[in-house]
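Chain by chain, the residues:
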Amino acid sequence: MKNRIGICFILLSLISCSLKESKIAPISLESIPFDVDNVEKQANASFLIDTLNYEIVPLETMQDCLIGEVTNIRLRNDKIIVYDEKSKGIFVFNRDGTYYSRVLAIGQGPGEYPPIINDVVVTQSHICIFPPVAEKIFLYDFNGKFCNTIDLQGGWGNTFFTFDEKNYYLVNMWSESGKGLYHFFRLIPEQGKIEPFHPFDESAIKERRGWGLDNYYSVYNNRALVLLSTIDTIYEINNRNEFRPLYFVDIIKNRIPHKLAEGNAYTALEKSIANQYITGVVKVMESAKYIFLTMSNRNVLLYNKDKKEVEITGDQFIIPSWGNWRFRLDVQTSIEDGKLLSIIPAHDCMLIKESIESVKFEDKKFEPVYKNVLNQIENEDYNPIVFIMNLKDF
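Rules behind the numbers
Residues numbered from 1 in each chain as written. Predicted model: local features only at pLDDT ≥ 70, side-chain atom pairs only at ≥ 80, totals over all residues. Heavy atoms only, no water. Buried < 20%, exposed > 50% of the residue type's maximum accessible area, 1.4 Å probe, protein only. Helix = DSSP H or I, 4+ residues; strand = E, 2+ residues; numbered from the N terminus. Pairing = 2+ DSSP bridges. Phe/Tyr/Trp six-rings, centres within 6.5 Å; stacked < 30°, edge-to-face > 60°. Lys NZ or Arg CZ within 6 Å of the ring centre and 35° of its normal. 1 Å grid on protein atoms, 1.4 Å probe; cavity = no way out; pocket = protein on both sides within 12 Å on 5 of 7 lines; lining within 4 Å. Points joined across faces, edges and corners; volume = space filled by probe spheres on them. Nonpolar A, V, L, I, M, F, W, Y, C, P; charged D, E, K, R; others polar.

J.: Talk me through the pairing of strand S11 (residues 136-140); I want residue IDs and the actual numbers.
T.: Counted residue by residue, S11 has four buried out of five residues, so it is predominantly covered. Note: strand S10 (residues 127-130) against S11, three bridges, orientation antiparallel. Bridge assignment links cysteine 128 to a residue of S11, and that residue is leucine 139. The loop that links S10 with its antiparallel partner S11 comprises five residues; one of these, glutamate 135, has a positive phi angle of about 55 degrees. Of the pairings in the sheet, the one linking S11 to strand S12 (residues 146-151) comprises five bridges and is antiparallel in character. If you follow isoleucine 137 over to S12, its bridge partner there is isoleucine 150. Between S11 and S12, which pair antiparallel and follow one another directly, the connecting turn spans five residues, one of which, glycine 144, has a positive phi of 90 degrees.

Following this line, the structure appears as structure tokens:
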């Protein structure tokens, strides 16, 4: 399915080439249309997933690594890393699902972090815990050992990202900071420097504008695509410290009125629920070929970067040859190095087991592997299953 696409040509005053200097530059934003009338309830994902290459990994269940609620999953250095919102712990598993280590150190002592956590970020070398109330980022290695902290230097953010573990970019929705009203801060810990950029007006603070998102950015190929709530623009920050608006998400139908979105967040969300408004993009992921955008109504569109068009917009995604196996591109999903990671909680596994014998599988190799892993889940208290699927990303 192909949706209409246009290119919006806009002149904007912005920080264009370097975060250190401002200049006026002509910017052409690629328009990505979203139309609720073009959503497929069950979209066939066979074009996206390599059904011959996959891993179905049951995460080991033991007292030291019981997972309550998965809110973040990553694959780094052959380790599956899961953030559990309930326990405020991060659990590390080997690629085969066996337990490896954990970070669970809530407290006020050395190497401990506060229980209020905005985000957990996994770099190539560290598990980073971000509790802004401490005004620090806490770094641990994959063995669960505390390494050091990074001071926010008066900056503030909902989350952060890094390309090289030398420059750290704080992403701030609409909150005050000790450095002023800015959406972004570049931290350079080795130099003890902080560089704020992309300011916003204090009226946003007075109105209590903005709300939380499922995620705020996606890092791929030395660039980050960044979201700001209530704004339909997707921004790019790259490893050369360049910043620019890049995409415009054109919500064709049922978009929340701009005046309402830019006002009080509680009022805006209340009226959005009552009127079924689309409040914008709540999650962004990127691969070599696609940008994946999850909208506030949980529909997901796949934007082909080369063709500059939306290839499909779906509610749920299915793989027919796997017995119409269904998955959502939601908060429990991530894309890592050309692989799609998806979680199946134990509760869902138990429900699937009840009807699995009536399911017809075209892929006879997949069927016994899937059933064998499901049978390892004995009750709802078990840890989840992780699907690791290769993307057809070429």
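J.: Can you lay out the packing of aromatic side chains for me, pointing to particular residues and giving the numbers?
T.: In the structure shown here, the tally under the stated rule is 32 aromatic pairs. For the pair phenylalanine 161 and tyrosine 169, a centre-to-centre distance of 5.2 Å together with 15 degrees between the ring planes defines the contact as stacked. The same class applies to phenylalanine 161 and to tyrosine 169, which are both buried. An aromatic cluster of three or more residues is present, and its members are Tyr54, Phe317, Trp322, Trp325, Phe327, Phe361, Phe366, Tyr370 and Phe387. It is lysine 79 that lies over the ring of tyrosine 100; its NZ or CZ is 4.5 Å from the centre.

J.: Go over the layout of surface pockets with me, naming the residues and quoting the values.
T.: Roughly 1,200 Å³ of volume is contained in the largest pocket. For the largest pocket, the lining is made up of 46 residues, of which Arg74, Arg76, Tyr217, Val219 and Glu336 are closest to its centre. Elements with a contribution of two residues or more to the lining of the largest pocket: strand S5 (70-76), strand S9 (119-122), strand S13 (159-162), strand S17 (217-220), strand S21 (281-286) and strand S26 (333-336). A total of six residues in the lining of the largest pocket trace back to one element, the largest contributor, which is S5. When the residues that make up the lining of the largest pocket are grouped by side-chain class, the tally is 18 nonpolar, 16 polar and twelve charged. What the second largest pocket holds in volume is close to 650 Å³. Together, 23 residues line the second largest pocket, and Trp325, Arg326, Phe327, Asp348 and Ile352 are the ones closest to its centre. Mapped onto the lining of the second largest pocket, the elements with two or more residues apiece are strand S25 (325-327), strand S27 (339-344) and helix H4 (346-355). Top element by residues in the lining of the second largest pocket is H4. It accounts for four residues.

No statement about biological role is implied by the geometric values presented.
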